[in-house]
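# Descriptive analysis of the structure
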Amino acid sequence: MSSDDSTKPKDFIRAIVAEDVAKKKNGGQVATRFPTEPNGCLHIGHAKSIVLNFGIAKENEGGICNLRFDDTNPTTEETQHVESIVEDVRWLGYDWGDRIHFTSDYFDQLFEFAVRLIEKGKAFVDDQSAEEIRANNGSLTQPGRNSPSRDRSVEENLDLFARMKAGEFDAGRKTLRAKIDMSSSVLTLRDPIMYRIQKSHHHRTGEDWSIYPMYDFAHGQSDAIEGITHSICTLEFQDHRPLYDWYIQELGLEPAPRQIEFARLNLTYTVMSKRMLRRLVDEGHVDGWDDPRLPTLRGLRRRGYTPDSIRSFCEGIGVAKRDNMIELARLEHSIRHDLNLRAKRVMGVLRPLKLVIENMPEGEVDELDAINNPEDDSAGTRKVPFSRELYIERDDFMEDPPKKFFRLAPGREVRLRYAYFVTCTEVVKDVDGEVVELRCTYDPATRGGDAPDGRKVKGTLHWVSVHHAIDAEVRLYDTLFSVEDPTRTLPGQDFTDNLNPSSLEVLRKVKVEPSMAGAVPGSVCQFERQGYFCVDPDSDEHRLVFNRTVTLRDTWAKVAKKEKR
RNA sequence: UGGGGCGUCGCCAAAUGGUAAGGCAGCGGCCUUUGGAGCCGCCAUUUGUAGGUUCGAGUCCUACCGCCCCAGCCA
């Protein structure tokens, strides 16, 4: 039964960690962190990183994972984002104990680190303007030029840096730069800026500082301060690793944390950059950060995705260094798999078509037993009222059906789920020829759905009793974009040109079975034969609103599509 | 173009010189009171290309091709 599979690292990062632990590096300890800038909303790409970092900590004895906010740029960061991020990571199912940290907690120490580098002659205050710095930075193929300020004395640098801190200079007038190599082919090493002057309000330190460290100068040192052993980030930071290591080494920080990079998540039919997500929200293409069409954690939650499904998705896609684009189908698979096991089955008719059973007396109500979840006996059964007038799905009737259509048609007999066999005897149309009602007869001997004479029926339909049904609104979602990679655009266009104009369809005349009365926001169910749905927070005691999380797999749709061709 | 990375099935992804896992998707079939779920089977003679080393190469060497990232006082 047991095997060694569980001890086998699943990806290259876990392999590195396992190797370090085996070598007793860092005393065999493992400490990771999930870092983020509090300037936006978490999305499923962040979830990949969260699951990775917290997962590695959990898998190693005594391992820890800190939550860290990289709040080094006061102009873009806000407390409200901190709160929303904390909530999202918790919702995903992770706990960091009391280890919630802010880079701003380390501002004093970082300042001291900077002074130390100045004293070593490894940093200098630069008088150049942003334009001059850019102009002297060279290009991909051309080396840069040394700043005229580069050879200032240690004393002068110390004095200037102290005055920068004291707020004596206006924003942009001076920077503190590391003295490395302006001709390096690694652009990050061309005397990188360590501190810039910025006189804006910081969400935690207020007006205490007029200088703020750059990410590169802050991140590795923060890792070292927290005792992080493995600092996992995305591929675009690969070029920063030499600088990360340079600061740690020049400052003699031990044990040295190790930066490891992996490929970020890309998902088809959506975008994952903060910038683009923000535009979608700001320009009103979606209805807020929690719009169910967004790949944000809040959007996915409102859509009905469970933390379990997101975690198993992230664990399933793997971690590697090659660029990837995961098919949406894979995410959908993980939520279907999860909800199949836990969602209560219920009948709801999205586009109602009236069906009258002529041989059933008016006013008679038959209470039938229905199974709540065939995957889970403990979910039990419920009663569903059946009567002379019912609604069935419009799509479940065709006047002139193709060969493989198993549902209702004139003269044809089908089963109404958990109820009776019915046969269509007459089709009622309005003046435009639109089918408005079906007349049927039922076979009382088939109560529950089986014929005592053993006769079989091809199709089983969901239904709802006209006089017992509850009204509901249903929001059907399609992909937000109509192409797999919305960032790939034609000349002169941008990603919003790839938006799917029909990503949202609202159905306002939905009829659901009475057992749904009082359903609470956030609760999930399966409308049989249609998909998984969850109750939207827009619901109240007078209004029931459902979001379709995902459809059921639909082989009929495939057959129908094939026949059309 | 200088530098840093990456190329294994439609999409992910294992394989650490010993004869190409697995998942998703797809395709058949079984079963079915959800055209759901479940079950069974099929799905890379070949790892970007071309050479080379070796008894043996996805793994090592050479050359080429392709894709991604870097020229913020963003992270």
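Residue numbers run consecutively from 1 along every chain, following the written order of its sequence. Following the order in which they are written, the chains are lettered starting with A and the ligands numbered starting with 1. For a predicted model such as this one, the threshold for reporting local features is a pLDDT of at least 70, and the threshold for listing and counting side-chain atom pairs is 80 or more; totals across whole chains, interfaces and linings nevertheless cover every residue. Based on all heavy atoms of the structure, the side-chain values leave hydrogens and waters out of the count.

### Things to note about the overall build of chain A
- Scanning chain A from terminus to terminus reveals 13 helices and 25 strands.
- The size measure is the radius of gyration over C-alpha atoms, and the globule rule it meets is 2.2 Å times the number of residues to the 0.38 power. The C-alpha radius of gyration of chain A comes to 31 Å, more than 25% above the 24 Å expected for a compact globule of 565 residues.
- For chain A, the spread of C-alpha atoms along the principal axes amounts to about 100 × 60 × 45 Å.
- Going through the 565 residues of chain A one by one, you find that 51% of them count as buried.
- Contact criterion: two residues are considered in contact whenever any of their non-hydrogen atoms come within 4.5 Å of each other. Counting only contacts in chain A whose residues sit at least 6 apart along the sequence, the fraction spanning at least 24 positions is 71%.
- In this description, accessible areas are obtained by the Shrake-Rupley approach with a 1.4 Å probe, and a residue is regarded as covered only by the protein chains that are shown. Of the roughly 26,900 Å² that chain A leaves accessible, carbon and sulfur atoms contribute 47%.
- Charge counting follows a simple rule: Lys and Arg are positive, Asp and Glu are negative, and His as well as the terminal groups are ignored. Where a charge lies is defined by one atom per residue type, namely NZ (Lys), CZ (Arg), CG (Asp) and CD (Glu). One way to put it: in chain A the 81 positive side-chain charges average out to a point 4 Å from where the 95 negative ones average out. Strands are runs of DSSP state E lasting at least 2 residues, helices are runs of H or I lasting at least 4, and numbering of each runs from the N terminus. Three labels apply to residues, based on accessible area from a 1.4 Å probe with only protein chains included: buried if under 20% of the type maximum, exposed if over 50%, partly exposed otherwise in between.

### Structural notes on the domain arrangement of chain A
- Boundary definitions for the domains trace back to an automatic or database domain assignment. Under the domain assignment, chain A is made up of domain 1 (11–262) and domain 2 (344–469).
- Using C-alpha coordinates to define each centre, domain 1 is positioned 64 Å away from domain 2.

### Here we look at the sheet that holds strand S6 (residues 193–197)
- Whether two strands pair depends on DSSP finding at least two bridges between them. Strand order in this open sheet of 4 strands is S4-S5-S6-S7, and the pairing throughout is antiparallel. Across the chains shown, the open sheet's two edge strands, defined by having one partner strand only, are strand S4 (123–126) and strand S7 (211–213). Looking at each pair of strands side by side, their axes are set apart by 20 degrees on average, direction ignored.
- In the sheet, S6 pairs with S7 via 3 bridges, with the strands oriented antiparallel. Counterpart to Arg196 in the pairing with S7 is Tyr212.
- Where helices are involved, their axes are fitted lines through C-alpha atoms of the stretch in contact, as for all axes, and angles between N-to-C directions lie from 0 to 180°. Relative to S4, helix H6 (residues 154–165) is tilted by about 60 degrees, and along the sheet it contacts S4, strand S5 (175–178), S6 and S7.

### Some words on the pairing of strand S12 (residues 352–357)
- Judged from the 5 bridges that link them, S12 and strand S15 (residues 389–393) form a sheet pairing that is antiparallel. Residue pairing in the sheet places Leu355 in a bridge with Leu390 of S15.

### Re unusual backbone geometry
- A cis amide bond, omega -5 degrees, links Glu254 with the succeeding residue Pro255.
- Here Pro255 is to be found in the loop between helix H8 (241–250) and strand S9 (258–262).
- Of note in the backbone geometry, Asp191 takes a positive phi value of approximately 40 degrees without being a glycine.
- Within the secondary structure, Asp191 sits in the loop between S5 and S6.
- Residue Asp191 is classed as buried on the basis of its relative accessible area of 1%.
- Here Tyr269, not a glycine, exhibits a phi torsion of approximately 65 degrees, which is positive.

### Here's the deal with the protein's contact with RNA strand B
- What surrounds RNA strand B is a group of 67 residues, the closest being Thr72, Arg330, Arg345, Gly448 and Gln526.
- Here, RNA strand B places atoms within 4 Å of the protein, and 62% of those atoms are sugar or phosphate.
- A distance of 3.2 Å separates a base nitrogen of RNA strand B from a polar backbone atom of Leu140.
- Asn340 has a polar side-chain atom sitting 3.0 Å from a sugar or linking oxygen of RNA strand B.
- Sorting the residues of the surface near RNA strand B by element identifies helix H5 (130–135), S6, helix H12 (328–342) and helix H13 (555–564) as the ones contributing at least two each.
- In terms of residue class, the surface near RNA strand B is made up of 21 nonpolar, 20 polar and 26 charged. Nearness is defined per residue: one heavy atom within 4 Å of the molecule or strand is enough. As used in this structure description, the phrase polar contact means that two N or O atoms lie within 3.5 Å; if the pair is within protein, one of them must be able to donate a hydrogen and the other to accept it, and residues adjacent in sequence are counted only when both atoms belong to side chains. In this classification, the charged set is Asp, Glu, Lys and Arg, the nonpolar set is Ala, Val, Leu, Ile, Met, Phe, Trp, Tyr, Cys and Pro, and all remaining amino acids, among them Gly, are polar.

### Some points on the sheet that holds strand S17 (residues 421–429)
- Ordered in space as S19-S16-S17-S18-S12-S15-S20, the 7 strands form an open sheet in which the pairing is mixed. In this open sheet, the two edge strands, each paired with only one partner strand, are strand S19 (460–461) and strand S20 (463–465).
- Of the pairings in the sheet, the one linking S12 to strand S18 (residues 435–442) comprises 4 bridges and is parallel in character. Across the sheet, Ile357 pairs through a bridge with Cys440, a residue of S18.

### What about the packing of helix H4 (residues 107–119) against H6?
- In contact at an axis separation of 9 Å, H4 and H6 are set at 160 degrees when each is read in the N-to-C sense. The orientation of H4 relative to H6 falls into the category roughly antiparallel. The element H4 and its partner H6 pack so that their crossing is right-handed. The segment H4 lies against H6, with Phe111, Ala114, Val115, Ile118 and Glu119 engaging Val154, Asn157, Leu158, Phe161 and Lys165.
- In the contact of H4 with H6, the residues fall into 7 nonpolar, 1 polar and 2 charged. When describing relative orientation, an angle under 35 degrees is termed roughly parallel and one over 145 degrees roughly antiparallel, while 65 to 115 degrees is termed roughly perpendicular and anything else oblique. Take the far helix as your reference; a near helix turned counterclockwise from it by less than a right angle gives a left-handed crossing, and one turned clockwise gives a right-handed crossing.

### Some points on H6
- Between the first and last residue of a helix there are one fewer steps than residues, each counted as 1.5 Å, and that sum is the expected span. For H6, which comprises 12 residues, the first-to-last C-alpha distance of 16 Å matches the rise-based estimate of 16 Å (1.5 Å per residue) to within 8%.
- Where H6 is concerned, the buried positions are Asn157, Leu160, Phe161 and Met164. Down the axis of H6, the buried set is contained in an arc of 100 degrees. They therefore lie on one face.
- Close packing links the buried residues of H6 with H4, S4, S5, S6 and S7.
- Gly167 sits one or two residues past H6 and shows a positive phi near 85 degrees. For this quantity, the arc is that covered by the directions from the helix axis to the C-beta atoms.

### Observations concerning a positive patch on the surface
- Like charges within 9 Å and nonpolar side chains (Val, Leu, Ile, Met, Phe, Trp, Tyr) within 5 Å are joined into patches, using only residues over 30% in relative accessible area that form no salt bridge. Criterion for a salt bridge: a side-chain nitrogen of Lys or Arg within 4 Å of a carboxyl oxygen of Asp or Glu. On the surface, a cluster of positive charge is made up of Lys403, Lys404, Arg553, Lys558 and Lys562.
- Tracing the backbone through its elements, the reader meets Lys403 in the loop between S15 and strand S16 (413–416).
- Looking at Lys403, the relative accessible area reads 73%, which means it is exposed.

### Quick notes on the nonpolar core
- Grouping buried Ala, Val, Leu, Ile, Met, Phe, Trp, Tyr and Cys residues that are joined through side-chain atoms within 4.5 Å yields what is termed a nonpolar core. Grouped together as the largest cluster of nonpolar side chains are 38 residues, with contacts concentrated most on Ile44, Val89, Ile310 and Phe313.
- Going through the elements one at a time, helix H2 (44–59), strand S2 (64–69), helix H3 (79–92), helix H10 (297–303), helix H11 (307–317) and H12 are the ones with two or more residues in this core.
- In this structure Ile310 touches Ile44, Ala47, Trp91, Leu92, Leu297, Leu300 and Tyr305, once residues within four positions along its chain are discounted.

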